[in-house]
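# Fold and contact review
So the chains spell out like this:
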Amino acid sequence: MGSAAAPLLSVRELEVHFPTSDGLVKAVNGLTFDLEAGKTLGIVGESGSGKSVSSMAIMGLHRGTNAKISGEIVLDGVNLLDISAEEMRKKRGREVSMIFQDPLSAMHPYYTVGNQIAEAYRVHNDVSKKVAKQRAVEMLERVGIPNPDKRVNDYPHQFSGGMRQRAMIAMGLINDPNLLIADEPTTALDVTVQAQILDLLQDLQREFNSAVIIITHDLGVVAEMADDVLVMYAGRAVEHGPCKEILTHPEMPYTWGLLSSVPDLTGDTEARLIPIPGNPPSLLNPPPGCPFHPRCAHRDKVPGDLCRTELPLLVPGQRGETHTKRCHLPNPDAIYATEVLPEIAPDLAAGAAPTRAEEL
Amino acid sequence: MLAYVIRRAVAGVIMLIVMSIVTFALFFASPIDQASFICGKNCSPAQKQQTAAAMGYDDSFINQWWDFAEGVVKGRDYPDDPKLRETAPETIVHCEAPCMGYSRERGDTVTNLIKDTFPVSFSLAVAAFILWIAGGVLLGVTAALKKGSIIDRGLVGLSLIAYAFPTFFVGLILYKFVAIKWGLADIPRYTSIADGGVGGWLSSLALPAITLAVFFMAGYVRMTRSYVIESFQEDYVRTARSKGLPERTVTFKHALRAALTPIVTMAGLDFAGLMGGAIITESVFNYPGMGKLAVRASQDFDLPTTVGLVILLAAFVIAANIIVDLLYAVIDPRVRLG
Amino acid sequence: MKDEMSDESANAGMVGMAHEMADDRALAARAAGHGAAVAMPGAKPILEVDRLRMYFPVKSPGLFRRTVGQVQAVDGVSFQVAEATSLGLVGESGCGKSTTGRLITRLYKPTGGAIRFEGQDIADAKPAELKPLRREIQMIFQDPYTSLNPRQTVGSIVGAPLAIHKVLPKDKILPRVQELLEIVGLNPEHYNRYPHEFSGGQRQRIGIARALTLQPKLLVADEPVSALDVSIQAQVINLLQDIQNEFGVAFLFIAHDLAIVRHFCPEIAVMYLGKIVEIGDRDSIYSNAHHPYTQALLSAVPDVKQAASGSRIERIRLQGDVPSPIEPPSGCRFRTRCPIAQEICARHEPPLLQIGKRHKVACHFPGRLGQAPREPLTAGLLGVDSEGRPDPGASPSTDLVEQPGYADTWFDLDNKSIGRA
């Protein structure tokens, strides 16, 4: 298991490129991060940011496709990119497992829920079908399915959305993996069910001491779940650090944009949302320099043509070694405090305790 | 389940009745006069009228259809003439229920005609069906699993060529080269099991069945290939892989099970359609099947035979539809009949 | 005004448009300020929905397919949408919010109730009578990928309503289409492109342009941004606000995202299993919710600010799933998941009581979070005792019919008296 010296998962300079007839799609570039046992990393980004592609790379699910992968993915001291396909298969579902966004399409419609969960157990454990099914019932009970001994024989379509996601979690955790990757686990669910599932994931993480990577576009989910946050844009990490630190003192304009473009439940309703202009870039022909510069409202604060010509490095900013960002801005903290925060949270910017005065 | 079958069967019978009316109506709407057609070229108006009366063609459309429908239920005499029954009963043909009519051109009841031709068409269809399903699905799956390889491209190319060749051309090539020139097979002549045993029956079917199967197989290779490729894109296949299942289990238990379901539908309907659709193959090999019968009947303006065949084939398609839907409910737990 | 980025270039085109359309609606909206429209008490309702019901039949599987049950997708929903403002309809999947939207656009024929658009009941209107109505009420759909015909150019998608309703001669359609594209922030020269050449956000703009073509007075927006990326959502929300401000369009805004609804709508109705459980202006719902379901919904929303500052309010955990709308629970439909349900809740359906100037709630125990009353407030009105059994001494109030809109008097829960406007 991971110790303080060696993290459970260590990703170094991961690159995932897909050759297509139109050219090379550079889905993930130079991704580096560590994750310790029992901790949660939130990966945030929009569609095409490379967050799902990199998690598929950790699962070894790009094997057998024409994807070009380089770098290192070290899980428990083993580089997953060096081992054979068969060795990787034996790790999938046992040491690292994954749950997906849409539990309806992620489960096979023709097999019972119990069959599909038991299958995940039997493939890594030499047990009879009966024992595996019993284990499936136990797991269903653990994730809070009522009458698990009956529901185990149901088909996925007979479950509600929330129950399906619970069943997916049961399937993912049945072999007690060290690492669980949850790809948008609550995006397809209603808000009260989302709350149930997030609670469940946290409980189980504590119980199993797994490391969790939660992939989402919802900063709110990250805020509730994650210890660390990694913000991705156009296949690269653009900001990385402890969750609270990133949410309270973000230093990268893309993160500012994510924070300012979603309304929250207490903000000023007279204020306009501040969207990120334009569209995410093409991964075939990413813009030169900083990939975010065409959409960045602060690029003229950087001297010269730096944003257009040079890719900024992911380096610590003004707030210590653990908080890294990929941006040329010399004084992001000041800009955030004087220009961004007053727009998205005037109450916090004023430095006063939050009041409801402006709303009433 | 039973209620569902009954409801579908009732709907099917109603459809058959409507179809028989439509077929009748089409014949009545055509410019050819039945009576003069039978009576011949040098037919005086009086003779013509006599013929029409004897055949019942002077009756109204509705009455004629009703007589037909009654015949299906009760059976019927041809000609239905009480005087003739007294004087010359041997000239009257009795057609037992279900009587589909009496073909003057063939000089036999339609029921008998179908009894003679059905085994030929059915044998041919079954043999071709087995060939094309086995070949089409196997090759299609192979192509999908080797997607992008030379094998895949070769199979896709071949199936396109096979699809493009007309059936009569394939049939003639097989007939002329395989059977006659190279002598690799007997010159095909239909042999029933009663006459030639199972071996004789099968070998008599080989060439026409292959001819028929080639066209369908080509279509099924492409269809299977695209379903299987699509199925490998499904989220649940990704789930199966992420559980660490061996690729063999992923392929056969997860991907193929879902991919082959729609093929069941297609296969069932194609089989039913083939019963009357093997016209060209039957003609090329001169097999006395229903397809050939249908062509001759329409050429000769033989209403009873045509109506009989239309209804029989429609009944096959309807039955196949019901069976396919039942199969679907067995295969896919999401489908509930009701 | 606020910082406006390049996507807001749309405004330029909109000003020109507004001159043609300058009528009371636009003026009313402008009076409401540049930001989100504000609920204006006394504003004329453009849409009034009165005890609207939509039951979908459930057929038996037997030989004769009798109707054995009904999915009560929408069951007695009443509300008003004032001119040039927005009503938000929130709730979880299956609560009937989308069905309500489809009823108002008359994609379905309601089982019962009235839909009064500008005073005219359209619930039973025949197809021919609906045609002029389709000009006035338009819909924006959720999925910009499937709601646009991939084989039609953007120009013909946006221009089709003009041709169908014969509002413009053929040669005037293209200039108008280009004008509309400019309004929604698309390049007007792209009228001959196909939907697949656009990104998701741009396609949603095309859908909005199509909806605007006939200058409708009411837009029903069904989850208009939930299929879009976060950064694009804000662009579309801002566009919708600009459109409302410039053209004075009223919105029925259907969404599950409570924060977006709060931002966009001055008035919100919360639905659960086909019924409105709480309706009111923004403050009443978001800062003063009195229904346990509304409170649970609000507490379940993951919130960046609260989590970051550590001041997270305790989450109310709702158990289980939403029950089937075929056999909804007796009495109050929320009672099976309600943390404060008592016996009366199983026996009687709570009436939608007005408890504030613009605030109604359907609960036997309405109260702020943690301050729900011990005794049901509704027992006297229903003529029952506190456990819901018939009370011979009490006579039920005859005045419990749920009307759309708000009355001038209400039950003031804080002072236990009648409040007056």
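Keep in mind it's a predicted model, so treat the numbers as computed, not measured. (Residues numbered from 1 in each chain as written. Chains lettered and ligands numbered in written order. Predicted model: local features only at pLDDT ≥ 70, side-chain atom pairs only at ≥ 80, totals over all residues. Heavy atoms only, no water.)

As a further point, take the overall build of chain A. Assigned secondary structure in chain A consists of 14 helices and 12 strands. At 22 Å, chain A has a C-alpha radius of gyration in line with the 21 Å of a compact globule built from 360 residues. Each principal axis of the C-alpha atoms in chain A carries an extent, and together these give about 65 × 55 × 40 Å. Relative to its full complement of 360 residues, chain A shows a buried share of 57%. Looking at chain A alone, contacts between residues at least 24 apart form 64% of all its contacts between residues at least 6 apart. Total accessible area on chain A is roughly 13,800 Å²; 50% of this is exposed by carbon and sulfur atoms. Computing the positive centroid from 33 side-chain charges and the negative centroid from 46, chain A places the two 7 Å apart. (Helix = DSSP H or I, 4+ residues; strand = E, 2+ residues; numbered from the N terminus. Rg over C-alpha atoms; globule rule 2.2 N^0.38 Å. Buried < 20%, exposed > 50% of the residue type's maximum accessible area, 1.4 Å probe, protein only. Contact = heavy atoms within 4.5 Å. Areas by Shrake-Rupley, 256 points an atom, 1.4 Å probe, with all protein chains shown as cover. Lys, Arg positive; Asp, Glu negative; His and termini not counted. Charge placed at Lys NZ, Arg CZ, Asp CG, Glu CD.)

Attention now moves to the interface of chain C and chain A. At the interface, 52 residues of chain C touch 53 residues of chain A. Summing both sides of the interface, chain C and chain A together bury roughly 4,900 Å²; the carbon and sulfur share of this comes to 53%. Where chain C meets chain A, there are two salt bridges. Close ionic contact of arginine 272 of chain A with aspartate 242 of chain C constitutes a salt bridge, the shortest N to O distance being 2.9 Å. (Buried area = accessible area lost by both parts, 1.4 Å probe. Salt bridge = Lys/Arg side-chain N within 4 Å of Asp/Glu carboxyl O.)

Bringing the sheet that holds strand E5 (residues 78-79) of chain A into the picture now. All names here are of chain A. The strand order across the open sheet built from four strands is E2-E1-E4-E5, with neighbouring strands paired in antiparallel fashion. Looking at the sheet topology across the chains shown, the edges are occupied by strand E2 (23-35) and E5. When strand E1 (residues 9-20) meets strand E4 (residues 68-75), the two strands line up antiparallel, connected through seven bridges. Within the sheet, the bridge partner assigned to histidine 17 lies in E4 and is lysine 68. In this fold helix H1 (residues 51-59) packs onto E1, E2 and E4, with an angle of close to 110° to the strand it touches most, E1. (Pairing = 2+ DSSP bridges. Axes fitted to C-alpha atoms, helices over the stretch in contact; angles between N-to-C directions.)

Turning next to the state of the cysteines. Under the definition given, this model contains one disulfide over all chains. The partner cysteine of cysteine 95 of chain B in its disulfide is cysteine 99 of chain B, sulfur to sulfur 2.1 Å. Taking the torsion about the S-S bond as the criterion, the cysteine 95 of chain B to cysteine 99 of chain B disulfide, at about 110°, is right-handed. The residues cysteine 95 of chain B and cysteine 99 of chain B share a single accessibility class, namely buried. In this model cysteine 363 of chain C remains outside any disulfide bridge; the closest cysteine sulfur is found in cysteine 338 of chain C, 6.1 Å from its own. (Disulfide = S-S within 2.5 Å.)

Residues and elements named next belong to chain A. Applying the stated rule across the entire model yields 25 aromatic pairs over all chains. Between the aromatic rings of tyrosine 254 and phenylalanine 292, the centroid separation amounts to 5.3 Å while the plane-to-plane angle is 70°, which identifies the pairing as edge-to-face. One end of the pair, tyrosine 254, is in helix H11 (residues 253-261); the other, phenylalanine 292, is in the loop between H11 and helix H12 (306-309), and 38 residues separate them in sequence. Neither residue differs from the other here; tyrosine 254 and phenylalanine 292 are each classed as buried. (Phe/Tyr/Trp six-rings, centres within 6.5 Å; stacked < 30°, edge-to-face > 60°.)

What follows deals with the packing of helix H6 (residues 110-145) of chain B against helix H14 (residues 290-299) of chain B. Residue and element names in this part refer to chain B. Close contact between H6 and H14 brings their axes to 8 Å; oriented N to C, the two are set at 135°. The angle between H6 and H14 places the two elements in the oblique class. Facing Leu113, Ile114, Thr117, Phe118 and Ser121 of H6, the residues of H14 in contact are Met290, Gly291 and Leu293. Split into classes, the residues belonging to the contact of H6 with H14 amount to five nonpolar, three polar and no charged. (Parallel < 35°, antiparallel > 145°, perpendicular 65-115°, else oblique. Nonpolar A, V, L, I, M, F, W, Y, C, P; charged D, E, K, R; others polar.)

The interface of chain A with chain B comprises 25 residues on the first partner and 20 residues on the second. Between chain A and chain B, roughly 2,200 Å² of surface is buried when both sides are summed, and carbon and sulfur atoms account for 59% of that area. The three residues of chain A that bury the most area against chain B are Tyr110, Tyr111 and Glu119 of chain A, which together make up 31% of that side's buried surface. In this assembly, chain A and chain B are joined by two salt bridges. Notably, a salt bridge pairs lysine 243 of chain B with glutamate 119 of chain A, separated by 2.8 Å at the nearest N-O pair. The tally of links between chain A and chain B comes to 15 residue pairs in polar contact (both at pLDDT 80 or more). Going through the elements one at a time, H1, helix H3 (103-106), helix H4 (113-122) and helix H7 (161-173) of chain A are the ones with two or more residues in the side of chain A that touches chain B. (Polar contact = N/O pair within 3.5 Å; in protein donor to acceptor, adjacent residues only side chain to side chain.)

Once that is clear, we can look at the pattern of salt bridges. A full pass over the atoms with the stated rule returns 41 salt bridges over all chains. Salt-bridge contacts for aspartate 154 of chain A lead to arginine 151 of chain A; the nearest nitrogen and oxygen are separated by 2.5 Å. The closest approach of N and O atoms between arginine 51 of chain C and aspartate 50 of chain C, which form a salt bridge, is 2.9 Å. For arginine 51 of chain C, a relative accessible area of 37% corresponds to the partly exposed category. By sharing partners, the salt bridges in this structure join Glu48, Asp50, Arg51 and Arg116 of chain C into a single network.

One finds Leu9, Leu179 and Ile213 of chain A to be the most contacted residues of the largest nonpolar core, which totals 110 residues. Of the domains in this structure, domain 1 (108-176) and domain 2 (249-349) of chain A are the two that each give at least three residues to this core. Filtering out sequence-adjacent residues up to four positions away, leucine 179 of chain A remains in contact with Leu8, Leu9, Leu35, Ile58, Leu75, Glu95, Val96, Ser97, Ala211, Val212 and Ile213 of chain A. Residues Ala195 of chain A together with Ile183, Phe264 and Val277 of chain C belong to the second largest nonpolar core, which totals 78 residues. (Core = buried A, V, L, I, M, F, W, Y, C linked by side-chain atoms within 4.5 Å. Domains from an automatic or database assignment.)

Another point: a nonpolar patch on the surface. A cluster of nonpolar side chains, Leu158, Ile161, Phe165, Phe168, Phe169, Leu172, Ile173, Ile279 and Ile280 of chain B, forms an exposed patch at the surface whose accessible area comes to about 790 Å². For the nonpolar patch, the elements supplying multiple residues, two or more each, are helix H7 (150-164), helix H8 (167-181) and helix H13 (279-284) of chain B. (Patch = residues over 30% accessible without salt bridge, like charges linked within 9 Å, V, L, I, M, F, W, Y side chains within 5 Å.)

This part takes up the packing of helix H1 (residues 2-29) of chain B against helix H4 (residues 61-74) of chain B. Residue and element names in this part refer to chain B. The contact between H1 and H4 brings their axes to 11 Å, and the two run at 135°. As the angle between them shows, H1 and H4 are arranged oblique. As H1 runs across H4, the sense of the crossing is right-handed. Contacts from Ile17, Ser20, Ile21, Phe24, Ala25 and Phe28 in H1 reach Phe61, Gln64, Trp65 and Phe68 in H4. For the contact of H1 with H4, a count of residues per class yields eight nonpolar, two polar and no charged. (Left-handed = near helix turned anticlockwise from the far one by under 90°.)

Next up on the list: the UniProt feature "transmembrane region" (unreviewed entry) in chain B. Residues and elements named next belong to chain B. Within this numbering scheme, the UniProt entry marks residues 9-28, 122-143, 155-178, 198-221, 258-280 and 307-331 as carrying the feature "transmembrane region" (unreviewed entry). End C-alpha to end C-alpha, residues 122-143 measures 30 Å, and it is 100% helix and 0% strand. Along residues 307-331 the backbone is 100% helical and 0% strand, and the end-to-end C-alpha distance reaches 36 Å. (UniProt positions renumbered as here; feature names shortened; annotations may be inferred.)

On to the confidence of the model for chain B. Per-residue confidence for chain B averages 84 on the pLDDT scale, and 96% of its residues sit at or above 70. By mean pLDDT, the top-scoring element of chain B is helix H10 (residues 235-242) of chain B (94), and the lowest-scoring one is helix H2 (residues 34-39) of chain B (69). (pLDDT = per-residue confidence, 0-100.)

Moving on, we come to the sheet that holds strand E1 (residues 45-59) of chain C. All names here are of chain C. In space, the four strands of this open sheet follow the order E2-E1-E4-E5, with antiparallel pairing throughout. Edge strands, defined here as strands with exactly one partner in the open sheet, are strand E2 (67-82) and strand E5 (120-121). As paired elements, strand E4 (residues 112-117) and E5 share two bridges and run antiparallel to each other. Within E5, the residue paired with phenylalanine 117 across the bridge is glutamine 120. Sitting on the sheet, helix H3 (residues 97-104) is in contact with E1, E2 and E4, with an inclination near 115° to E1.

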